[in-house]
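Given next are the chains, with one letter for each unit.
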Amino acid sequence: FRHGILIPLAVMGGLLGLIILQPDFGTTVIIAVIGFLMIYLAGGRLLHLGAVCAAFIPLAVWLLLRKSYRMARLLAFLDPWKDPRHSGFQIIQSLIAFGSGGLFGMGLGQGRQKYAYLPYPQSDFIFAIVGEDFGLFGCLAVIALFVAFLFIGMRIAVTCRDKFGCLLAAGITAMISIQAFLNMGVAVGILPTTGLPLPFFSYGGTSISIMLAAVGILLNISRNCERNFG
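Residues numbered from 1 in each chain as written. Predicted model: local features only at pLDDT ≥ 70, side-chain atom pairs only at ≥ 80, totals over all residues. Heavy atoms only, no water.

(A) Broad picture of the confidence of the model for the protein chain. Per-residue confidence for the protein chain gives a mean pLDDT of 85, with 96% of residues at or over 70. Here helix 4 (residues 68-78) stands out as the least confident element of the protein chain, with mean pLDDT 71; helix 6 (residues 126-159) is the most confident, with 94. (pLDDT = per-residue confidence, 0-100. Helix = DSSP H or I, 4+ residues; strand = E, 2+ residues; numbered from the N terminus.)

And the structure:
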């Protein structure tokens, strides 16, 4: 523990502390999950990582209760219809969008929820717009693409003989995949609202630039793996 994961945990803790001061609780959680995953893949023991997680649970609860809007989001996730005009408004409008889309959707650009009904339809809740325009099958196609990305990215990580390349590929794949599934989980109402964009779909120059740069690095690692096996 002292010579293996203590230094990575200290570095990650410093970065998470800066992010939570923004404040950005959702990004803090996702970076913590990715960090713990990478430490585990690098050889960290589950017993040590579990002990660290258990030690920080009281801090996470305190951060959740410290800001009223975070608690409101959690309560809205549990029962959005309890406050349909305020804290539960986003989730309810998102579910209405999915329901309006049905199996095959209303057609590209034909959905109505993005017109002053659903907040942030271009970023946080763009998956709901996909569901309204393209229906259940459109949503399943998007999910299938991210599952394929997860599978291929982890395959690149496993086949890479260089340990740094392996961990980098796994981290990039986890970063994009976890963020995608968190965003989609929020949109369908199975996770509390976090404010994370959907990779490659949500509007935003910085987000798409970072994601494309990360995929470029992943492809470079893949080429090196092919050369090593060749």
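Next comes the rest of the description.
(B) Summary view of empty space enclosed by the protein. If you walk through the whole model with that rule in mind, you get one cavity of 30 Å³ or more. Approximately 30 Å³ is the volume found for the largest cavity. Considering the residues around the largest cavity, the lining is formed by Asp124, Phe125, Asn183, Val186, Thr193, Thr194, Gly195 and Leu196. Here the residues of the lining of the largest cavity are counted per class, giving three nonpolar, four polar and one charged. (1 Å grid on protein atoms, 1.4 Å probe; cavity = no way out; pocket = protein on both sides within 12 Å on 5 of 7 lines; lining within 4 Å. Points joined across faces, edges and corners; volume = space filled by probe spheres on them. Nonpolar A, V, L, I, M, F, W, Y, C, P; charged D, E, K, R; others polar.)

(C) Representation of the packing of helix 6 against helix 7 (residues 163-187) within the structure. Two elements in contact, helix 6 and helix 7, have axes whose closest approach is 9 Å; the angle formed by their N-to-C orientations is 160°. By the criterion of interaxial angle, the relationship of helix 6 to helix 7 is roughly antiparallel. Where helix 6 crosses over helix 7, the handedness of that crossing is left-handed. Touching Phe127, Ala128, Val142, Ile143, Phe146, Val147, Phe149, Leu150, Gly153, Met154, Ile156 and Ala157 of helix 6 are Cys166, Ala169, Ala170, Thr173, Ala174, Ile176, Ser177, Ala180, Phe181, Asn183, Met184 and Ala187, all from helix 7. When the residues that make up the contact of helix 6 with helix 7 are grouped by side-chain class, the tally is 20 nonpolar, four polar and no charged. (Axes fitted to C-alpha atoms, helices over the stretch in contact; angles between N-to-C directions. Parallel < 35°, antiparallel > 145°, perpendicular 65-115°, else oblique. Left-handed = near helix turned anticlockwise from the far one by under 90°. Contact = heavy atoms within 4.5 Å.)

(D) Fine view of the packing of aromatic side chains. As enumerated under the stated definition, the model contains four aromatic pairs in all. For the pair Phe149 and Phe200, a centre-to-centre distance of 6.4 Å together with 65° between the ring planes defines the contact as edge-to-face. With Phe149 in helix 6 and Phe200 in the loop between helix 7 and helix 8 (205-229), the pair connects residues that are 51 residues apart, well separated along the chain. (Phe/Tyr/Trp six-rings, centres within 6.5 Å; stacked < 30°, edge-to-face > 60°.)

(E) Highlighting helix 3 (residues 46-66). The end-to-end C-alpha separation of helix 3 is 30 Å, in line with the 30 Å expected for 21 residues at 1.5 Å each. Where helix 3 bends most, the angle comes to about 35°, and this point is Phe56, followed within four residues by the proline Pro58. (Expected span 1.5 Å × (residues − 1). Bend = angle between axes of the 7 residues up to and from the residue.)

(F) Just the nonpolar core, in detail. Within the largest apolar cluster, 31 residues are counted, with the highest numbers of intra-cluster contacts made by Phe127, Phe146, Ile176, Met184 and Leu198. Those elements giving two or more residues to this core turn out to be helix 5 (89-101), helix 6, helix 7 and helix 8. The next biggest cluster of nonpolar side chains, apart from the first, holds nine residues, and it includes Leu16, Phe36, Ile39 and Leu49. (Core = buried A, V, L, I, M, F, W, Y, C linked by side-chain atoms within 4.5 Å. Buried < 20%, exposed > 50% of the residue type's maximum accessible area, 1.4 Å probe, protein only.)

(G) Layout of the side chain of Gln179. If you trace the backbone, Gln179 turns up in helix 7. The exposure class assigned to Gln179 is buried, which follows from its relative accessible area of 9%. With residues up to four places along the chain from it excluded, the contact list for Gln179 reads Ile30, Ala174, Leu196, Pro197, Pro199 and Met211.

(H) Structural view of a nonpolar patch on the surface. Taken together, the side chains of Leu103, Phe104, Leu136, Phe137, Leu140, Ile143 and Val147 define a hydrophobic patch exposed on the protein surface, amounting to about 660 Å² of accessible area. Residue position: Leu140 is located in helix 6. For Leu140, a relative accessible area of 43% translates into the label partly exposed. (Patch = residues over 30% accessible without salt bridge, like charges linked within 9 Å, V, L, I, M, F, W, Y side chains within 5 Å. Areas by Shrake-Rupley, 256 points an atom, 1.4 Å probe, with all protein chains shown as cover. Salt bridge = Lys/Arg side-chain N within 4 Å of Asp/Glu carboxyl O.)

(I) Quick look at helix 5. Given a rise of 1.5 Å per residue, 13 residues ought to cover 18 Å, and the 19 Å separating the end C-alpha atoms of helix 5 matches this to within 8%. Within helix 5, the full set of buried residues consists of Gln90, Ile91, Ile92, Gln93, Ser94, Ala97, Phe98 and Gly101. Phi turns positive one or two residues past the end of helix 5, at Gly102, with a value near 60°.

(J) Looking closely at the layout of surface pockets. Put simply, the largest pocket is a space of about 1,200 Å³. Contributing elements (two or more residues each) for the lining of the largest pocket: helix 1 (6-20), helix 2 (25-41), helix 3, helix 4 and helix 7. Ranked by the residues each element gives to the lining of the largest pocket, the list is headed by helix 3, at nine residues. Residues of the lining of the largest pocket, tallied by class, amount to 28 nonpolar, eight polar and four charged. Taken together, 15 residues form the lining of the second largest pocket, with Pro8, Met12, Gly35, Met38 and Ile39 sitting closest to its centre. Here the lining of the second largest pocket gets five residues from one element, more than from any other, and that element is helix 1. In terms of residue class, the lining of the second largest pocket is built from 11 nonpolar, four polar and no charged.

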